[in-house]
Amino acid sequence: MKIFNHILPINSFLKRNRRFVSIIALLLLTATGELFAQGVVRWTGATNTNWATATNWAVVSGTPSTPPGIADDVQIGTIATFTKEPTIGAATSINSLTYGNVDRSTLTINANLTIVGAITNTIVTTARVHDVTIATGVILSAGSANLSPVIGAANMTFTFTGTAAFNVTGNFTAQPAAITTNITLTVAAGTFTVGGTMLQGAAATTARNCVISATTGTLTFTGAYTKNGSGSNLTTTGAANVTFGGSVTNTLGTFTLNAATTAIFTGTTTITPTTAITFGNVQLNSGSAVTAGGNLSVTGNWTNNGGTFTPGANTVTFSGLTGTIGGTTNTTFGAITIAASATITMNNNNSCANLTFTASGDASSFTHGSTSILTVSGNVVVNQPTANNTTTAWNINAGSATVAGTTTVGGANATATRIARILVTTGSTTFGGVVTLTTSTSSLVADIRVAAGSLTFTSALNHNQGSLVFTGAGTMNFDNTYAFASGGAATPVFTTFAGATMNFANNLTVSATGGITFNATSTAIFTATATITPTTAITFGNVTVNTGVTVTTTLAAGTLTIAGDLNVSGIVSNSGIINVGI
């Protein structure tokens, strides 16, 4: 009953004031219509350069606001020549922005401009140049962008000042349909973000270009990124950040990021370098999945922080002067190439199919930091440098390495100061396949050396040139036959050190000119049945024959001398004279 008591007075009021209520409703409808009025306006610059001045605008169609509002479509360059260029001085929102071919323009954005829909430049008939300058701290936002003029020389530039930003929530397309047309974004230290797909440049063989450059700014491509056009370049010159959330394709043009620039991968990405891609730093974020669709070049650091890398049959070339490989997660590479002048340090455990050091006139090195491990499922090639007083080195140091395939060290030049080297300090290296030391007339140009660590040769080693060197009391394990042999381009060198250990699990043959002399305090341990054949002289330090092992000496033409102790727990079968303690 109380409810009806309230309703009846209201009904009575409405009946008595029908005309008043009708007027109120009409006013509300009119206000609503004004609020959501939509139309098209074009810039005339009739009064001044101020975007907010109503008389600078002409109505093209509909019932737009002047200056335009959030529901209005704006045109620039669609009227005969104007001299007063538009400048935005207060935050503004419009529905869309379209550039025309009647006149060129320069839009200066000194306060935030939000374009709900698209910014469009698809000039068809007359080439006009349109420029946009975004002030520092100002944001230009658009729902999408289509900057693809049909006519040649219809260029367009976006200049970012300071921390200016251009954010596109949808797709960004800049694919001019005629040659000699450039869409240029000079991001500098600003921010450029594309939330959808990015199509930069058009055609594979003609100059229908979009050029994007940055110094220390931020580029973010959330969706797929594709670059076309012979002059469509993506370049950086400083410590910029470029984030890729989707696949990356470079069909043509320069894709070169500065060594200090970081390419950050956050999603599922296939990198397709139809034309070369050069990254500075590469960072794989947690959950990212990156697939190489071709060879890649890295001039900075490689950091894997929880991503996966699928290399295929492709090569990653490291060419940084001070590059690193690291992160919280191991990376499985395909082939790794260490380029000229590269100094690369690996700080975590990784694997690769092949490892190659480029032959060049500059020193290069690949160094294991701390105790990092590299597993090579294929081959290793350490090429001799092409300049004097230069060393190419794989420094395993305190880390470890395993090579399943072949290992080739050296080159054909006779200059002794052009050195190819593998070095182990306190770590270890196992060579699973055949090891070849390649030289001309100097065995110093190819050497494998160990200090306090260990080297293991799993396959037979025919050491007929090059150098094996102890620089400390380390260990060399010969799990198969070892021949210190003649027949190479240079007499081989085997240099031992006080306290060094050589473990022989198979036959030992010495036939090289001058024979071989081990350090007097070094120890040769025979761990499996073996035959010692000194065609030329062998001088041991200490010799140990382990329990259950039979060692047979065959003294054809050479001599066998033990300068230190002979400890036999197994059997020594001798066909000649062994000089002990001489």
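Residues numbered from 1 in each chain as written. Predicted model: local features only at pLDDT ≥ 70, side-chain atom pairs only at ≥ 80, totals over all residues. Heavy atoms only, no water.

Participant: Got a minute to help me understand the pairing of strand 1 (residues 39-43) in this structure?
Facilitator: Along any regular strand the residues' side chains alternate between the sheet's two faces. Along strand 1, four of the five residues are buried, which leaves the element largely enclosed by surrounding structure. Bridge analysis of strand 1 against strand 2 (residues 57-62) gives five bridges, and the strand direction is antiparallel. Counterpart to Trp43 in the pairing with strand 2 is Trp57. Bridge count between strand 1 and strand 3 (residues 73-76): three bridges; the pairing is parallel. Across the sheet, Val41 pairs through a bridge with Val74, a residue of strand 3. (Buried < 20%, exposed > 50% of the residue type's maximum accessible area, 1.4 Å probe, protein only. Helix = DSSP H or I, 4+ residues; strand = E, 2+ residues; numbered from the N terminus. Pairing = 2+ DSSP bridges.)

Participant: Sorry, what's going on with unusual backbone geometry here?
Facilitator: Peptide bonds are, in most cases, trans, and in most cases residues other than glycine have a negative phi. Of the consecutive residues Thr66 and Pro67, the connecting peptide bond is found in the cis state with omega at 0°. Of note, Ser370 is a non-glycine position whose phi angle comes to about 50°, a positive value. Its location among the elements puts Ser370 in the loop between strand 38 (364-368) and strand 39 (373-376). Since its relative accessible area comes to 59%, Ser370 is described here as exposed. The backbone of Asn397 sits at a positive phi, close to 50°, despite the residue not being glycine. Turning to its location among the elements, Asn397 is positioned in strand 41 (residues 390-397). When its relative accessible area of 21% is taken as the criterion, Asn397 is described as partly exposed.

Participant: In this structure, what is going on with the confidence of the model for the protein chain? I would like to understand it.
Facilitator: Any segment with low pLDDT has predicted coordinates that should not be analysed in fine detail. Put simply, the protein chain has an average pLDDT of 92, and 92% of its residues get 70 or more. In this model residues 1-11 is a low-confidence stretch, pLDDT under 50, and it forms one contact with partners more than four residues away in sequence or in other chains. A low-confidence stretch, residues 18-36 (pLDDT under 50), is modelled with one contact involving residues beyond four sequence positions or located in other chains. (pLDDT = per-residue confidence, 0-100. Contact = heavy atoms within 4.5 Å.)

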